[in-house]
Amino acid sequence: MSELLDFTVYHLLHEFDPENKGFMPRARFYKALYLLDDRLKKRKIDIALPWCWYKFGPQVQERFITSSVFRLSASSPDLNEKYKVYFGKEPRTKGLPEKETAAIMNEIRKMNKEHLSTDKMVELVYAKAPRKMLRTFKELEDHFKNEILGSKEISQENLTKIVNFLDDIQRNYRKDEFAEMFEEYLRFDEALRMTLDNFPSRLKDINELLMKFRELIATKASLLFNENLPEDWIKERQAGLEERLSQFRTELDAYERTVLREMAKDQHEPNKHSRMLLEIGYDLTKEA
Amino acid sequence: MADLFLDTSVLLGYIFPKDRWEKNSISCFNAPQKKWTSSSVDAEMQKKCAYVRRKVQKDLLSLIMDLSQGKDKPLGESELVRIQNDLSGSKLEPMVMDLINEIKTRTPQISEACQRLREVLRGFLTYVQQHEDELKNKMTALELECWTRLDDYTDIQKKLAKYMKNDDDLEILLDAHDLALVRQLILDFVTADYDDYKYFESEVLSIVKINRIAFLHEFKPERVT
């Protein structure tokens, strides 16, 4: 663990919330540290921040920070209550390079004076999203949350927006980096488009799959875009990803079958080209 | 009248209709005889159906994704070349090219061509799902009774292995043998895989308790043995 990191974490928390009143929600802490780290890197100062890209942008892995310099707790026993981060015991500064600690303090104070709202921080970190598709997936999920789930009737404009998000992701999907879930991506994208084309009123049913798929994508992103994390952590995440991908396949299968059964109710004979595809299908059974 | 044991190829002929197989598969299901299949057949059918669904989905959706990369514009020569390259050597090529040739004269937008491809895929998947469900329903209603074998028949298995290359085929033959033995049935084994049995038909029949191997392409449902 880096002593500069301990120093930075303690003083960031102390500066932003000097009376330890719980003004630093965990998500804000991650973003503030990430932005600070970014600024420090530009000054050639490396605090060895252990972080990875995840669902809501950078996620700091606190378990790799000295536990005495910060305290994490929920402000009520309610499990839904968001965690807050408090400063802990001040780490010793003896032996740390003065020039660097002064620069860190300077950047922390500068950032505090900017009074960045959490929304602004989200905007700033997402501008640095390592891949555009990660941002678009989040926007799609937000669109579902804000415009689809609570609506009794979904407007055409909101349906078109979903298609636009899907088209955008399709243009920016990185097959090379997200290869292990490429097939599931294609199938999920098509399942969502089938729902849009045939049963827009059932869009709410696919929201859970959307959230699970975004989690898969975000987990893969955390493996691709991270710094200062040990090999064991990577292996643990990779194993978790494989397990969740397999669960997702089962759920996607079930959803797909439900939609196809509904569509079969209105379908008559398959058209000429679907018929050709069925004949090809018979030949393909020999390959299986 | 012999009962019928339908192997995987017959069930697949019902799900993926092709030429005369479709008609003969349907006539099998409509035959007056009692019809059987087995849990090994069911498992193999599900495995093969899943493979075909995934393969067709992946190939077509990848093509659609590839075509949708740039801005939407009329389908031109460069897209036709791309389609041919993407599908080179793929079994899907004749179908896709037939569709593209049908619509290209009126130079549709790429997005329209993609939507047509999606509709073809959806038509295919819907049909497959519907027919998979129909088979399941037939099994549930015992219209097509599914037999589960409990005995390994190690000796018979060894003898059959000389002639049968495929382990799944071997297991299925043992299922039919077990059914005929346990239920004391005269059983015709119906298959579309002529090539797998034609050379060793008499040898296989001398090992297992099956009345005859009926090939789907010459299947006559009314035939009484």
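These remarks concern the structure in this document.

Analysis parameters
- Residues numbered from 1 in each chain as written.
- Chains lettered and ligands numbered in written order.
- Predicted model: local features only at pLDDT ≥ 70, side-chain atom pairs only at ≥ 80, totals over all residues.
- Heavy atoms only, no water.
- Helix = DSSP H or I, 4+ residues; strand = E, 2+ residues; numbered from the N terminus.
- Buried < 20%, exposed > 50% of the residue type's maximum accessible area, 1.4 Å probe, protein only.
- Areas by Shrake-Rupley, 256 points an atom, 1.4 Å probe, with all protein chains shown as cover.
- Lys, Arg positive; Asp, Glu negative; His and termini not counted.
- Charge placed at Lys NZ, Arg CZ, Asp CG, Glu CD.
- Salt bridge = Lys/Arg side-chain N within 4 Å of Asp/Glu carboxyl O.
- Pairing = 2+ DSSP bridges.
- Core = buried A, V, L, I, M, F, W, Y, C linked by side-chain atoms within 4.5 Å.
- Contact = heavy atoms within 4.5 Å.
- Buried area = accessible area lost by both parts, 1.4 Å probe.
- Polar contact = N/O pair within 3.5 Å; in protein donor to acceptor, adjacent residues only side chain to side chain.
- Nonpolar A, V, L, I, M, F, W, Y, C, P; charged D, E, K, R; others polar.
- Axes fitted to C-alpha atoms, helices over the stretch in contact; angles between N-to-C directions.
- Phe/Tyr/Trp six-rings, centres within 6.5 Å; stacked < 30°, edge-to-face > 60°.
- Lys NZ or Arg CZ within 6 Å of the ring centre and 35° of its normal.

**A short note on the overall build of chain A**
A tally of helices and strands in chain A yields ten helices and five strands. On the principal axes, the C-alpha backbone points of chain A span a range of 80 × 45 × 35 Å. Taking all 288 residues of chain A together, 50% fall into the buried category. Looking at chain A as shown, the accessible area adds up to about 14,400 Å², and 48% of this sits on carbon and sulfur atoms. Put simply, chain A has 50 plus and 52 minus side-chain charges, and the middle of one group is 4 Å from the middle of the other.

**Description of the pattern of salt bridges**
This structure, assessed with the given rule, holds 55 salt bridges over all chains. Note that A:E190 and B:R122 form a salt bridge whose closest N and O atoms lie 2.7 Å from each other. Of this pair, A:E190 sits in helix 7 (residues 182-198) while B:R122 is found in helix 6 (residues 110-140), placing the two residues in two different chains. Across the pair, B:R122 and A:E190 agree in class, each one buried. Close ionic contact of B:E145 with B:K34 constitutes a salt bridge, the shortest N to O distance being 2.7 Å. Of this pair, B:E145 sits in strand 3 (residues 144-147) while B:K34 sits in the loop between helix 2 (19-30) and strand 2 (35-38), placing them 111 residues apart in sequence. When its relative accessible area of 17% is taken as the criterion, B:E145 is described as buried. Of the residues examined, B:K34 reaches a relative accessible area of 30% and is grouped as partly exposed. Sharing partners across several salt bridges, the network here consists of A:D167, A:D189, A:E190, A:R193, A:D197, B:R118 and B:R122.

**So, the pairing of strand 4 (residues 187-191) of chain B**
Every other side chain in a regular strand lies on the same face of the sheet, so the side chains alternate between the two faces. Residues and elements named next belong to chain B. Judged by how many residues are buried, strand 4 sits mostly within the fold: five of five residues are covered. Here strand 1 (residues 3-6) pairs with strand 4 via four bridges, running parallel. What sits directly across from F5, in strand 4, is F189.

**Here we look at the nonpolar core**
Membership of the largest hydrophobic core comes to 162 residues, with the highest contact counts inside it found for A:L203, B:F16, B:L60, B:V96, B:F124 and B:L160. Apart from the residues within four sequence positions on either side, B:F124 is in contact with A:S274, A:L277, A:L278, B:F16, B:V52 and B:V56.

**A few points about the interface of chain A and chain B**
Chain A puts 41 residues into the contact, and the matching count from chain B is 52 residues. Both faces considered, chain A and chain B share a buried interface measuring about 4,400 Å² in area, 59% of it formed by carbon and sulfur atoms. A per-residue breakdown of the area chain A buries against chain B is headed by A:H273, A:L277 and A:Y282, which together make up 16% of the total. The tally of links between chain A and chain B comes to 13 salt bridges. Among the salt bridges present, the one from B:R118 reaches A:E190, with a minimum N-O distance of 2.5 Å. In this assembly, chain A and chain B are joined by 21 residue pairs in polar contact (both at pLDDT 80 or more). Counting only elements with at least two residues in the side of chain A that touches chain B, the list comes to helix 6 (156-172), helix 7, helix 9 (231-266) and helix 10 (272-284) of chain A. With 13 residues, the top contributor of residues to the side of chain A that touches chain B is helix 10 of chain A. Looking at the side of chain A that touches chain B residue by residue, the classes come out as 16 nonpolar, eight polar and 17 charged.

**Topic: the sheet that holds strand 4 of chain B**
Residues and elements named next belong to chain B. One open sheet holds the five strands; their spatial order is 3-2-1-4-5, and the pairing between them is parallel. Each end of this open sheet is capped by a strand with a single partner; those strands are strand 3 and strand 5 (212-215). Between one strand axis and the next, the sheet turns by 35 degrees as a mean value, whatever way the strands run. The strands touched by helix 3 (residues 39-67) are strand 1, strand 2 and strand 3; relative to strand 2, the strand with the most contacts, the crossing angle is about 70 degrees.

**Concerning the packing of aromatic side chains**
Any two aromatic rings considered together are summarised by their centre-to-centre distance and by the angle between their planes. All names here are of chain A. Scanning the model with the defined rule gives 21 aromatic pairs over all chains in all. Taking 4.2 Å as the distance between ring centres and 15 degrees as the angle between the ring planes, the aromatic pair formed by Y173 and Y185 counts as stacked. In this pair, Y173 is assigned in the loop between helix 6 and helix 7 and Y185 in helix 7, connecting sequence segments twelve residues apart. Among the residues examined, Y185 registers a relative accessible area of 2% and is labelled buried. Put simply, the rings of F137, Y173, F178, F182, Y185, F188, F213 and F248 touch in pairs and so form one group of aromatic residues. The aromatic ring of F56 is capped on one face by R214, whose charged end is 5.4 Å from the ring centroid.

**Focus on unusual backbone geometry**
Residues and elements named next belong to chain A. For A48, which is not a glycine, the phi torsion comes out positive at approximately 60 degrees. Exposure remark for A48: the relative accessible area of 25% places this residue in the partly exposed category. Of note in this structure, H115 is not a glycine but carries a positive phi near 45 degrees. Position of H115 among the secondary structure elements: in the loop between helix 3 (98-113) and helix 4 (118-126).

**Description of the sheet that holds strand 1 (residues 51-54) of chain A**
Read across the open sheet, the three strands follow the order 2-1-5 (chain A); overall the sheet is antiparallel. Lying at the two open borders of the sheet, with one neighbouring strand each, are strand 2 (57-60) and strand 5 (226-227) of chain A.

Shape descriptors only; they carry no functional weight alone.
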